[in-house]
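Secondary and tertiary structure notes
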There are 2 protein chains.
Amino acid sequence: MNLSTKEPFDTLVGVDIGGTKVDVLVTDSELSPLAEVRSKVKSNSPEDFVSSIRLAVSEALNKAGTSIPQVRGIGIGIPGQVVPEEGTVRNAVNLELSEFPLARILSDQFDSLPIFLEKDVHNAAVDAFLRVNENNHIENLAFVNIGTGISAGLVLNGRLYRGEHGMAGEIGHSVFLPDGPHCSCGNFGCLEALAAGPAIERLGREAVESGKSTRIDVATSQGVFSAAAQGDEVAGNILQKVGGYLGQALQNLVMAYDVGKIVLGGGVSREGKRLLEPILQEWSRMAEASTLAASLLLPEIIEVVPADHKPGVWGAIFVAQKRLGSYDHIKSGNVTKRLANLKL
Amino acid sequence: MNLSTKEPFDTLVGVDIGGTKVDVLVTDSELSPLAEVRSKVKSNSPEDFVSSIRLAVSEALNKAGTSIPQVRGIGIGIPGQVVPEEGTVRNAVNLELSEFPLARILSDQFDSLPIFLEKDVHNAAVDAFLRVNENNHIENLAFVNIGTGISAGLVLNGRLYRGEHGMAGEIGHSVFLPDGPHCSCGNFGCLEALAAGPAIERLGREAVESGKSTRIDVATSQGVFSAAAQGDEVAGNILQKVGGYLGQALQNLVMAYDVGKIVLGGGVSREGKRLLEPILQEWSRMAEASTLAASLLLPEIIEVVPADHKPGVWGAIFVAQKRLGSYDHIKSGNVTKRLANLKL
């Protein structure tokens, strides 16, 4: 490590805002992590919301032994419809406001620091794209978040793809079973209502309540996964069903986008192999039947984010670094080259 | 019309190769049509195939009163997996060859003319993108071909999107009903097996064979459409069902890509309103249930190609013109500007 990596004005901050929690990461100019913080998001009012984000950032800077005057910029990811040029968000989970200028408000509170706002899965897709291309040459990638909801972030033709209204990748609300369960969006049989965390939890609860002989702990989707891992047949069948829907959804994604890589992240994806296996079984079933499927549904194109890696905050850091420019100094790996190739 | 439009060396040729027929269009330097030809494609052997394409082009040039030495370039669209830089096609409907260098072979036969090969729906998407942007500013568009099969061509971020293997937009093979009818690709319940021309025909035939009281003419999918137009209930129900699947597929497309416009082309789309109505009914049903759906599923984003317009040949012309460069002279509309903005 050389002296320049310790220059205080080179600090970057990445923020990933979720439904209830916010993750903050502080890095030095080499993009090496200095400190991480996870804290609660308040959603009583816009003021409380903003102040909870501000406090989390300050706490992380303290922990890193640095402060706002030393920060070059902050990247932020938030679920919702984001207009990056304006730094505004709409339909955010925590904010029932039609248009909220989050970047400007935070910048005002942080000495006019440059703040870069993106949809959370878009940041995560940037992180996935840069990491995958450490050892690959892939132009088209989907990051699929499977957690409380399901959504995708896309890098297509080497460029972050937002769509006409910043809503690209809302695959969780693709209708799969028009007569299926009710979804939070109001429709029926959306992918999210069939295969996200709460759907797995619901299927587990229904199995228990129906009196089936099962070891499922009703409280969480993890309960279903761990029961299945212990050989519980009822839990295994649930994962088979969920994996079937996810396999079908990822098949749709491959047919529609012809991506070179799919990276799975989010709470449910932390189950790793236990989630991946039924998905790949569904793919293998389709590939056996069809040469087109066989040529495109290659198991190796799906990767699961390691359980300890946070693509959302890392993506926020990369986006901030890319927007700020001047990353020629970064010596770790070939990050500079990959950042230069990425288009936002 | 000024003299320059009659300069013989400014002629362009567009070719759209289908399963059984080939369309050829010859234009002058202003992209005004000079002659059109439709003829049969021979598929007995690669030699017969190439010679049937060559003959169709020669016939169209004759008809236009021009010949190969006056042609600047030829754009060609073909269904299959195309590598444009190499001018090769694989898995083409007519050619059971693993990799066929169609552009080079034709160029050899046509005095080394520049030949630009693309997947057919990609060309059609370029045509749709240029036409839609005559009066709009749309960056993201899907052209959806509904005919013997179903597939999409995409322009995303103002650039033709091909995917990692040139296979983007194969939405006809997105699985919709895992227990559904057998698809030509080998799988079950693909969109194509539920809603393309042959599927409509099959549903009509099944209704007739089951002895239902219906005016459907069993021979074609048009028979189902015209019976429905005459108030035939059985035919109406078939179109309702097919429109439901298509509505769901186009909803998936909007959720995945967040396109600003969907242009429907292909044989089945010539039914126009009769096809569009059940699709929009499905969209309206979804929009009533969900604010997300209501904000994205706007009826006006779907357009049907006029029955007399051939997006495939026109797209081939535009792609050839764009690749050849130097289109500043074109005076009709703002074609020059739109060609300049398009990225291939």
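Turning our attention to the overall build of chain A. When you go through chain A residue by residue, the secondary structure sums to 11 helices and 12 strands. Projected onto its principal axes, the C-alpha positions of chain A cover 60 × 45 × 40 Å. Of all 344 residues assigned to chain A, the portion counted as buried reaches 51%. When contacts within chain A are restricted to residue pairs at least 6 apart in sequence, those whose partners lie at least 24 apart make up 59%.

All names here are of chain B. Positive phi, normally seen in glycine, also occurs at Ser-112, with a value near 60 degrees. Along the chain, Ser-112 falls in the loop between α2 (102–109) and β7 (115–119). At Asp-258, a position not held by glycine, the phi torsion is positive, near 45 degrees. Of note, Asp-258 is situated in the loop between α7 (233–257) and β11 (261–265).

It is worth spelling out the packing of helix α6 (residues 221–229) of chain A against helix α7 (residues 233–257) of chain A at this point. Residue and element names in this part refer to chain A. Look at α6 against α7: their axes get within 7 Å of each other, and the N-to-C directions meet at 115 degrees. Regarding α6 and α7, the two cross each other, and that crossing is left-handed. Contact with α6, carried on its side by Val-224, Ala-227 and Ala-228, involves Ala-235, Gly-236, Ile-238 and Leu-239 of α7 and no other residues of that element. Counted by class, the contact of α6 with α7 contains six nonpolar, one polar and no charged residues.

A few words now on the interface of chain A and chain B. Opposite the 38 residues of chain A that make contact, chain B presents 38 residues. Of all elements in the fold, only β10 (159–161), α7, α8 (273–289) and α9 (291–296) of chain A reach the threshold of two or more residues within the side of chain A that touches chain B. It is α7 of chain A that contributes the most residues to the side of chain A that touches chain B, six residues altogether. The residue inventory of the side of chain A that touches chain B, partitioned by class, reads 18 nonpolar, 15 polar and five charged.

What follows concerns the domain arrangement of chain A. Here chain A is partitioned into domain 1 (3–124 + 309–341) and domain 2 (170–259 + 273–304). On a C-alpha basis, the centres of domain 1 of chain A and domain 2 of chain A stand 32 Å from each other.

Further remarks concern the pairing of strand β3 (residues 33–40) of chain B. All names here are of chain B. By the bridge criterion, seven bridges tie strand β2 (residues 21–27) to β3 in an arrangement that is antiparallel. For Asp-23, the partnering residue across the bridge sits in β3 and is Arg-38. Connecting β2 to the antiparallel partner β3 that follows it, the hairpin turn spans five residues, and Leu-31 within it adopts a positive phi of roughly 65 degrees.

On to the relation of the copies chain A and chain B, then. Note on the copies: chain A fits chain B at an RMSD of 0.0 Å, the axial shift is 0.0 Å, and the rotation between them is 180 degrees. Expressed as an axis order, the relation between the two copies is that of a two-fold axis. Of the C-alpha atoms belonging to chain A, the one lying closest to the rotation axis is found on Phe-176 of chain A, 3.5 Å away.

So, about helix α1 (residues 46–63) of chain B. Residues and elements named next belong to chain B. Helix length check: α1 (18 residues) gives 26 Å between terminal C-alpha atoms against 26 Å at 1.5 Å per residue, within 8%. Where α1 is concerned, the buried positions are Phe-49, Ser-52, Ile-53, Ala-56, Val-57, Ala-60 and Leu-61. Considering only its buried residues, α1 is in contact with β1 (11–17), β2, β3 and α2. Directly beyond the C-terminal end of α1, a positive phi value near 70 degrees is found at Gly-65.

Turning our attention to the pairing of strand β8 (residues 141–146) of chain B. Residue and element names in this part refer to chain B. The buried fraction of β8 is high, at six of six residues. Side chains of β8 alternate between two faces, with Leu-141, Phe-143 and Asn-145 and Ala-142, Val-144 and Ile-146 buried alike. The sheet contact formed by β8 and strand β9 (residues 150–156) spans six bridges and is antiparallel. Note that in β9 the partner of Asn-145 across the bridge is Ser-151. What sits between the antiparallel neighbours β8 and β9 is a turn of three residues. Pairing geometry for β8 and β11, over five bridges, is parallel. In the sheet register, Leu-141 faces β11, and the bridge partner there is Lys-261.

Before going further, it helps to spend a moment on the environment of Leu-298 of chain B. Residue and element names in this part refer to chain B. Take Leu-298: it is sitting in the loop between α9 (291–296) and β12 (302–304). Judged by the 12 C-beta atoms lying within 10 Å of it, Leu-298 falls in the exposed class. Placed 11 residues apart in sequence, Leu-298 and Ala-287 show a C-alpha to C-alpha distance of 8.6 Å.

So, about the sheet that holds strand β11 (residues 261–265) of chain A. Residues and elements named next belong to chain A. Ordered in space as β10-β9-β8-β11-β12, the five strands form an open sheet in which the pairing is mixed. Looking along the sheet, the strands with just one partner apiece sit at the ends: β10 and β12 (302–304). With strand direction ignored, the average angle separating the axes of adjacent strands in the sheet is 25 degrees. Packed on one face of the sheet, α7 meets β8 (141–146), β9 (150–156), β11 and β12 and runs near 25 degrees to β9.

This part covers the environment of Leu-275 of chain A. All names here are of chain A. Residue placement: Leu-275 occurs in helix α8. Leu-275 sits in the buried class, given 23 other C-beta atoms within 10 Å. Considering only alpha carbons, one finds Leu-275 and Leu-246, 29 residues apart in sequence, at a separation of 9.3 Å. Those residues in contact with Leu-275 that sit more than four places away from it in its chain are Val-268 and Ser-269.

On to the sheet that holds strand β10 (residues 159–161) of chain B. All names here are of chain B. As summarised here, the arrangement of the five strands in space is β10-β9-β8-β11-β12, forming an open sheet in which the pairing is mixed. Both edges of this open sheet fall to β10 and β12, since each of them pairs with a single strand only. Sheet twist, expressed as the mean angle between neighbouring strand axes with direction ignored, is 25 degrees.

All names here are of chain A. Taken residue by residue, chain A gives an average pLDDT of 92. The fraction at 70 or more is 96%. Contacts of residues 1–6 to residues separated by more than four positions or lying in other chains number six contacts, the stretch itself having pLDDT below 50. Scored as a complex, the prediction yields pTM 0.93 and ipTM 0.91.

Residues and elements named next belong to chain A. Two elements in contact, α7 and α8, have axes whose closest approach is 7 Å; the angle formed by their N-to-C orientations is 60 degrees. As summarised for this structure, α7 and α8 are arranged oblique, according to the angle between their axes. Taken as a pair, α7 and α8 cross one another with a handedness that is right-handed. Residues Leu-239, Gln-240, Val-242, Gly-243, Gly-244, Leu-246, Gly-247, Gln-248, Leu-250 and Gln-251 of α7 form the contact with α8, whose own contacting residues are Arg-274, Pro-278, Ile-279, Gln-281, Glu-282, Trp-283 and Met-286. In terms of residue class, the contact of α7 with α8 is built from eight nonpolar, seven polar and two charged.

So, on to the environment of Phe-318 of chain B. Residue and element names in this part refer to chain B. With respect to the helices and strands, Phe-318 occurs in helix α10 (residues 311–324). Among the residues examined, Phe-318 registers 27 C-beta atoms within 10 Å and is labelled buried. Sequence separation of Phe-318 and Leu-130 is 188 residues, and the distance between their C-alpha atoms is 8.7 Å.

With that settled, the discussion passes to α7 of chain B. All names here are of chain B. Given a rise of 1.5 Å per residue, 25 residues ought to cover 36 Å, and the 35 Å separating the end C-alpha atoms of α7 matches this to within 8%. By the criterion of burial, α7 is predominantly enclosed, with 18 of the 25 residues buried. Downstream of α7 by a residue or two, Asp-258 has a phi angle that is positive, lying close to 45 degrees.

Procedures and definitions
- Residues numbered from 1 in each chain as written.
- Chains lettered and ligands numbered in written order.
- Predicted model: local features only at pLDDT ≥ 70, side-chain atom pairs only at ≥ 80, totals over all residues.
- Helix = DSSP H or I, 4+ residues; strand = E, 2+ residues; numbered from the N terminus.
- Buried ≥ 20, exposed ≤ 12 C-beta atoms within 10 Å, placed from the backbone.
- Contact = placed C-beta atoms within 7 Å.
- Axes fitted to C-alpha atoms, helices over the stretch in contact; angles between N-to-C directions.
- Left-handed = near helix turned anticlockwise from the far one by under 90°.
- Nonpolar A, V, L, I, M, F, W, Y, C, P; charged D, E, K, R; others polar.
- Domains from an automatic or database assignment.
- Pairing = 2+ DSSP bridges.
- Least-squares fit on C-alpha atoms with pLDDT ≥ 70 in both.
- Expected span 1.5 Å × (residues − 1).
- pLDDT = per-residue confidence, 0-100.
- Parallel < 35°, antiparallel > 145°, perpendicular 65-115°, else oblique.

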